[in-house]
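A closer look at the structure
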Amino acid sequence: MRILMIHPNYHSGGAEIAGNWPPAWVAYLAGALKGAGFTDFRFVDAMTDHIDDDELRRILREEKPDIVGTTAITPAIYKAERTLQIAKEEHPEAVTLLGGVHGTFMYRQVLTEAPWIDAIARGEGEAIMVNLAKALSEGDWEDVRGEVAGLAFAEDGQIVATPAEPPIADVDSINPDWSVLEWEKYIYIPLNTRVAVPNFARGCPFTCSFCSQWKFWRNYRVRDPKKVVDEIETLVRDHKVGFFILADEEPTIHRKKFIQFCEELAARKLPVLWGINTRVTDIIRDEHLLPLYRKAGLIHVSLGTEAAAQLKLDLFNKETTVAQNKRAVQLLKQNGIMAEAQFIVGLDNETPETLEETYRMVIDWGAEMANWSMYTPWPFADLFQELGDKVEIFDYEKYNFVTPIVKPAAMDRATLLDRVMHNYRRFYMRKTFFHYPWIRDRTLRRYMLGCLKAFMRSGMRREFYDLGRVNYWGPQSKDKVDFAFDETRTLDRRQLADLKNAPPVRKLGRKEKARAEAKAASACGAPKGLPDEADEFDEAISASATAAAMEEKERATLN
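Not measured: the values here are computed from a predicted model.

**Here's the deal with the overall build of the chain**
- Helix and strand counts for the chain come out as 22 helices and 16 strands.
- Going through the 559 residues of the chain one by one, you find that 59% of them count as buried.
- Nonlocal contacts in the chain, meaning residues at least 24 apart in sequence, comprise 76% of its contacts between residues at least 6 apart.
- On the chain, roughly 23,500 Å² of surface is accessible, and the fraction owed to carbon and sulfur atoms is 50%.

This is the structure:
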């Protein structure tokens, strides 16, 4: 069984400004496949290597694959579709497979607009990939496809979705094969070192209206902290990784296990720094633990501050306050950890005044970094349907956090972009001359100057925020900005109906959610070493995950 995996060649001027990120999905799938005995595997990173269609076609001609697979977040979907189209043209008998979050929820639309895709893997891919490979090794595609859980495919003019594959209950059984990647390609510019993106947990118990992670993973499951550190030690020792970012939306959710993770890292004294995304309430909750986190190598925390106005925080279901945002930033600064404030901008009620408010607020907070992300209305997120006809653009390639998809009522999209760039210019100019060079902590100073280098590099190349492509050169160029939306792209309304009628994802119960909301307030000032509501929350989400896994198993058995 010859398996070829390809990462699509998509670029947007967002996270790439910090360097080339290793496609972790390949390592996790490769580990699962090799563990099941499928070792004839090749990976092509078309994104990192900037492989165009002609070169991809040449590479494909050299292969004799039985399966060609790729993945796609929403903005990469058209590149992924094109990748599999070329694969099908070169190898008509090979099974073409798409995975990832976009296909999981939008499989009807994808299979309709890209009929050369044989199947879509919905949800976690390890078990689906292994089961598909096993099925194909025993029979023809058309005979076995209906027997593999977690697939969607077209059959006789209809879209068929097999019963869902249950989420992996034992996440400690996950064994990624990181050797499949060519590590010299994945460099984190701020530290000029190799970078990795391992998993600490999967899923999220929170239900932010703009997010889909809690829907995709379905259950919240945490790995054994010691085993995660074992994996990181392998990355450092065998692949010379010097920086990693935990892939989780919020790795600090399970407080006990995150503490164990940090204690294990600190004890081993690995030569590696790392970063996370998390909620401000978790930072406030863990005030007395922040020195431990810094000792373990945590240097960069991206906070989901999301908005300066409380009204927007409530809209996003963030369950946080502006005052908590400021407190979290200050606590991180006091403990030598870089605080990055993340803002979501560009909803229909955005104005020049609200954008100015975000700037003034982040200056008041004292955050070392700030990021203004354009609101991206994932078509499978709750907020998308709430926005209704305010979403006018369905060109998913532009759903990349840097392109204004929703047009604010008070200004056009070019003005929105210009005001966001105005915030960036002021913020980082101020940091360049009055902050970064004067940071006393040598490690933090080196890190911040490295981040500044990454920003300047992407700015000089006109890659930051895709400015070169949209023809933005400053306030004087607003009238010439062209986002080049493909207005022929439309939304398959049948897909929205499918999403609306899908079985609900199990959310935290009222008592569990109450504990979640109380954890920040109760943990602030809690005596060190004593149990508090945060510990009860750990137990609640563990029990919730276990119960949800049992429910999923029973549902799969019935199906």
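That shown, we press on.
**What to know about the packing of helix H14 (residues 322-334) against helix H15 (residues 352-365)**
- At a minimum axis separation of 9 Å, H14 and H15 run at an interaxial angle of 40 degrees. As the angle between them shows, H14 and H15 are arranged oblique. Residues Val-322, Asn-325, Lys-326, Val-329, Gln-330 and Lys-333 of H14 touch H15, and the partners they reach there are Met-361, Asp-364 and Trp-365.
- Residue classes in the contact of H14 with H15 are distributed as four nonpolar, two polar and three charged.

**A few points about the environment of Leu-355**
- Inspection of the secondary structure puts Leu-355 in helix H15.
- Owing to a relative accessible area of 1%, Leu-355 belongs among the buried residues under this scheme.
- Here the alpha-carbon distance between Leu-355 and His-422, two residues 67 residues apart in the chain, equals 9.6 Å.
- Here Leu-355 is in contact with Val-345, Glu-350, Met-411, Leu-416, Arg-419, Val-420 and Asn-423, once residues within four sequence places are set aside.

**Section: the packing of aromatic side chains**
- Under the defined criterion, the tally for this structure stands at 33 aromatic pairs.
- Seen in terms of ring centroids, Trp-178 and Trp-183 are 5.9 Å apart; in terms of plane orientation they differ by 50 degrees. Their pairing is tilted. For the pair shown, Trp-178 and Trp-183 are each scored as buried.
- An aromatic cluster of three or more residues is present, and its members are Phe-343, Trp-365, Trp-372, Tyr-424, Phe-427, Tyr-428, Phe-455, Phe-464 and Tyr-465.
- Between the NZ or CZ atom of Arg-462 and the centre of the ring of Trp-473, over which it lies, the distance is 3.9 Å.
- Over the face of the ring belonging to Tyr-78 we find Arg-489, whose NZ or CZ atom lies 3.6 Å from the ring centre.

**Notes on the sheet that holds strand S3 (residues 67-71)**
- In spatial order, the strands read S2-S1-S3-S4-S5-S6-S7; together these seven strands make up an open sheet with mixed pairing. Only two strands of the sheet have a single neighbouring strand rather than two, namely strand S2 (41-45) and strand S7 (158-161). Between one strand axis and the next, the sheet turns by 20 degrees as a mean value, whatever way the strands run.

**Focus: helix H17 (residues 413-434)**
- Taking 1.5 Å of rise per residue, 22 residues should cover 32 Å, and H17 covers 32 Å from first to last C-alpha, within 8% of that figure.
- Residue Asp-412 occupies the N-cap position of H17, its side-chain oxygen lying 3.4 Å from the main-chain nitrogen of Ala-414.

**Let's talk about the pairing of strand S1 (residues 3-7)**
- The buried fraction of S1 amounts to five of the five residues, a majority that puts the element mostly inside the structure.
- Residues Ile-3, Met-5 and His-7 point to one face of S1 and Leu-4 and Ile-6 to the other, with burial holding for every one of them.
- The pairing of S1 with S3 spans four bridges and is parallel. Opposite Leu-4, over in S3, you have Val-68 as the bridge partner.
- With five bridges connecting them, S1 and S2 associate as parallel partners. Note on S2: the bridge partner recorded for Ile-6 is Val-44.
- For the segment spanning S1, helix H1 (residues 24-35) and S2, crossover handedness is right-handed.

**Thoughts on the pattern of salt bridges**
- Evaluation of the coordinates by the stated rule reveals 38 salt bridges.
- A salt bridge links Asp-49 to Lys-185; the nearest nitrogen and oxygen atoms lie 2.7 Å apart. Separated by 136 residues along the polypeptide, Asp-49 in the loop between S2 and helix H2 (53-62) and Lys-185 in the loop between S7 and strand S8 (187-188) bring together distant segments of the chain.
- With a relative accessible area of 21%, Lys-185 lands in the partly exposed category.
- For the salt bridge of Asp-286 with Arg-255, the shortest nitrogen-to-oxygen distance reads 3.0 Å. Residue Asp-286 is located in the loop between helix H11 (280-285) and helix H12 (290-295), and its partner Arg-255 is located in helix H10 (residues 255-268); the two are separated by 31 residues in the primary sequence.

**A few points about the packing of helix H9 (residues 225-239) against H10**
- At a closest axis distance of 8 Å, the pairing of H9 and H10 adopts a crossing angle of 40 degrees. The orientation of H9 with respect to H10, classified from their angle, is oblique. Considering only the axes of H9 and H10, their crossing is right-handed. Taken together, the residues of H10 that come into contact with H9 (itself represented by Pro-225, Lys-226, Val-228, Val-229, Asp-230, Ile-232 and Glu-233) are Lys-257, Gln-260, Phe-261, Glu-264, Leu-265 and Arg-268.

Calculation notes
- Here the residue index of a chain counts from 1 through its sequence in written order.
- Totals for whole chains, interfaces and linings use every residue, but because this is a predicted model, local features are given only for residues with pLDDT of at least 70 and side-chain atom pairs only at 80 or more, for both listing and counting.
- Computation of side-chain values: all heavy atoms of the structure, hydrogens and water removed.
- Put simply, DSSP H or I for four residues or longer makes a helix, DSSP E for two residues or longer makes a strand, and each gets a number counted from the N terminus.
- When accessible area is computed with a 1.4 Å probe and restricted to protein chains, residues below 20% of their type maximum are described as buried, those above 50% as exposed, and intermediate ones as partly exposed.
- A contact between two residues is defined here by any heavy atoms of the two lying within 4.5 Å.
- Using the Shrake-Rupley algorithm and a 1.4 Å probe, accessible areas are obtained, with residue cover drawn only from the displayed protein chains.
- Lines fitted to C-alpha atoms define the axes here, with helix axes fitted over just the stretch in contact, and angles between the N-to-C directions of these axes take values from 0 to 180 degrees.
- To sort the angles, those under 35 degrees are grouped as roughly parallel, those over 145 as roughly antiparallel, those from 65 to 115 as roughly perpendicular, and the leftovers as oblique.
- Residues are grouped as follows: Ala, Val, Leu, Ile, Met, Phe, Trp, Tyr, Cys and Pro are nonpolar; Asp, Glu, Lys and Arg are charged; all remaining types, including Gly, are polar.
- Working definition: a ring pair exists when centres of Phe, Tyr or Trp rings (six-membered ring for Trp) sit within 6.5 Å. Plane angles under 30 degrees give stacked, over 60 give edge-to-face, the rest tilted.
- Definition used: whenever NZ (Lys) or CZ (Arg) falls within 6 Å of the ring centre and also within 35 degrees of the ring normal, the charge is taken to sit over that ring.
- The pairing criterion for strands is at least two bridges between them, as found by DSSP.
- In this scheme, a helix's expected span is set at 1.5 Å multiplied by one less than its residue total.
- Polar contacts here mean pairs of N or O atoms no more than 3.5 Å apart (in protein, one a potential hydrogen donor and the other a potential acceptor; neighbouring residues in sequence count only if both atoms are side-chain atoms).
- Viewed with both strands pointing away, a crossover whose connecting path from the first strand over the helix to the second turns clockwise is right-handed.
- By salt bridge we mean one thing: a side-chain nitrogen of Lys or Arg within 4 Å of a carboxyl oxygen of Asp or Glu.
- Throughout, a crossing is termed right-handed when the near helix is turned clockwise from the far one, and left-handed when it is turned anticlockwise from it by less than a right angle.

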